[in-house]
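# Residue-level structural notes
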Amino acid sequence: RPTTEVTVGLMVRRRWWTCGSDLFKRMETEAAESNLYFTFGVIADIQYANVPNGLNYTRSRKRYYRNSLGLLRGAISEWNEERVAPKFILQLGDIIDGCNSRIKASAEALETVINDFTNCVAPVHHIWGNHEFYNFDRTQLQQSALNTKHLEGDIVSGNMPSFNVKPEINNDDPEAFYGYHFSPFPKFRFIITDAYDLSIHGRKKSSKKHNDSVQILKSNNKNEDPNSPEGLAVPNLHFLGFNGGFSQDQLEWLNNILNFSDCNQEKVTVIGHLPIHPDSTDPICVAWNYDEMLSMLHTHSSVICFLAGHDHDGGYHLDDHGIHHLTFEGVIETSPESQAFATVHVFEDRMILKGRGRTPSRVLQYREKIN
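A brief report on the enclosed structure follows. The structure displayed is predicted, hence computed values, not measured ones. (Residues numbered from 1 in each chain as written. Predicted model: local features only at pLDDT ≥ 70, side-chain atom pairs only at ≥ 80, totals over all residues. Heavy atoms only, no water.)

## Quick word on the packing of helix H8 (residues 248-263) against helix H9 (residues 290-297)
Here H8 crosses H9 at 15°, and the two axes come no closer than 11 Å. The orientation of H8 with respect to H9, classified from their angle, is roughly parallel. Relative to H9, the crossing made by H8 is right-handed. The residues of H9 that touch H8, namely those facing Gln248, Leu251, Leu254, Asn255 and Leu258, are Glu292, Met293, Met296 and Leu297. Of the residues belonging to the contact of H8 with H9, the class tally is six nonpolar, two polar and one charged. (Axes fitted to C-alpha atoms, helices over the stretch in contact; angles between N-to-C directions. Helix = DSSP H or I, 4+ residues; strand = E, 2+ residues; numbered from the N terminus. Parallel < 35°, antiparallel > 145°, perpendicular 65-115°, else oblique. Left-handed = near helix turned anticlockwise from the far one by under 90°. Contact = heavy atoms within 4.5 Å. Nonpolar A, V, L, I, M, F, W, Y, C, P; charged D, E, K, R; others polar.)

Here you go:
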């Protein structure tokens, strides 16, 4: 992973983040005494399955399928006991592993994990990743507990009613994507996106988006196994079957919301399973059309952060437009002796991420000015 240079001086404009330093400790102490707006929890890539430990796709890393449930329970316990209760939890996708489909245990595994999430004091927003589509199709997901669109916020932001930023998504449309947004606090908005809107998984083979996705993949990856990067090089390294992309209708939907947020001087966090910046992850893990998404976000002054999972090693990058890109470490490849989740403390001018175990703590300074 590229290492982001840290500048600590208070008068230096690029003092954006730090982790594990005296500055972080001082800011954390300051945070406890200052005006905290709200907190939220984040966890990624649980990939639970009631099977023995195994290895990842490249057979280079151990996966703790049963133990992931224990780590989730530990995270929920800590969130429930925090002095300031989180307003919500973001589950960044891959809640159960694809191996459940092979052993005909998808429904049972999902029920097991959802039952544990019901013990959480905060509502949970679920993002859809590739392992969701290894286990279920889109119709099944729409009808499952993983569809949390009912948590979509409907608040008044400033003097502009929220319906101005709520274009309807027709869930009966076979080409529909899974996306919504919510505002847990005035002037802050969170947007859930669908990184597998374009994908070879999840849609009926008669679907236009399915056929478009097959063509995109075949034109950029000639391997018989679509998950194989053999022979691929930049800029095609990420065109793999376990990745996906954002359709134009989804990008337009997101752009409309961000236009509202820009005008209303909101601070926006965008969430998706796939990272969208190659420097925040292994470049093999980014969305197919990450460059389109990134270019669009760069046109909006309201965007402060993009949160993703997928790459179990995690990552971080501050881009040249001042957007923080965080890729969260995967629970599935976290040993029983460690942890992998975070609580984010939100303030007027920054977020302070308190990581546990493999997830590092960071201070995320907002841009100096929201136009």
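## Overview of the pattern of salt bridges
Side chains carrying opposite charge are able to pair once their charged atoms draw close together. With the rule as written, the count across this model stands at 14 salt bridges. Arginine 61 is the salt-bridge partner of glutamate 333, the closest N and O atoms lying 3.5 Å from each other. With a gap of 272 residues between them, glutamate 333 in the loop between strand E11 (324-327) and strand E12 (340-346) and arginine 61 in the loop between strand E2 (54-55) and strand E3 (62-63) connect regions that are remote in the sequence. With its nearest N and O atoms 2.6 Å apart, the salt bridge here joins aspartate 349 to arginine 350. A relative accessible area of 37% means that aspartate 349 is categorised as partly exposed. Given a relative accessible area of 4%, arginine 350 falls into the buried group. Three or more residues are tied together by salt bridges with common partners; here these are Arg61, Arg63, Asp313 and Glu333. (Salt bridge = Lys/Arg side-chain N within 4 Å of Asp/Glu carboxyl O. Buried < 20%, exposed > 50% of the residue type's maximum accessible area, 1.4 Å probe, protein only.)

## Observations concerning the sheet that holds strand E8 (residues 267-271)
Read from one edge of the open sheet, six strands run E6-E7-E8-E9-E11-E10, paired in mixed fashion. The open sheet has two edge strands with one neighbour each: strand E6 (180-185) and strand E10 (315-318). Along the sheet, successive strands turn relative to each other by an average axial angle of 15°, direction set aside. The pairing of E8 with strand E9 (residues 303-308) spans four bridges and is parallel. Looking at the pairing, threonine 269 lines up with cysteine 305 of E9. Packing of H8 onto the sheet brings it into contact with E6, strand E7 (188-192), E8 and E9, and relative to E7 it is tilted by some 180°. (Pairing = 2+ DSSP bridges.)

## Quick word on helix H2 (residues 67-81)
An ideal rise of 1.5 Å per residue puts 21 Å on 15 residues; H2 measures up with 22 Å between its terminal C-alpha atoms. Inspection of H2 places Asn67, Ser68, Leu69, Leu71, Leu72, Ala75, Ile76 and Trp79 among the buried residues, and these make up the whole buried set. Summarising the contacts, the buried residues of H2 are in contact with strand E1 (38-43), strand E4 (88-91), helix H4 (106-117) and E12. (Expected span 1.5 Å × (residues − 1).)

## Points about the pairing of E10
Along E10, one buried face is formed by Gly315 and His317 and the opposite face, lined by Tyr316 and Leu318, is buried too. Relative to E11, E10 runs antiparallel, the two sharing four bridges. What sits directly across from histidine 317, in E11, is histidine 325. Where E10 hands over to E11, the hairpin turn is made up of five residues, of which glycine 322 adopts a positive phi near 85°.

## A short note on the environment of serine 302
Relative to the helices and strands, serine 302 resides in the loop between H9 and E9. The buried category is assigned to serine 302, whose relative accessible area is 0%. Along the backbone, serine 302 and phenylalanine 260 are 42 residues apart, and their C-alpha atoms lie at a distance of 9.3 Å. Those residues within four positions of serine 302 in sequence are excluded, and the remaining contacts are Leu258, Ser261, Asp262, Glu266, Lys267 and Val268.

## Overview of the sheet that holds E12
Across the sheet, six strands lie side by side as E5-E4-E1-E12-E13-E14; this open sheet has mixed pairing. The outermost strands of the open sheet, each flanked by one partner alone, are strand E5 (124-126) and strand E14 (362-365). Looking at each pair of strands side by side, their axes are set apart by 20° on average, direction ignored.

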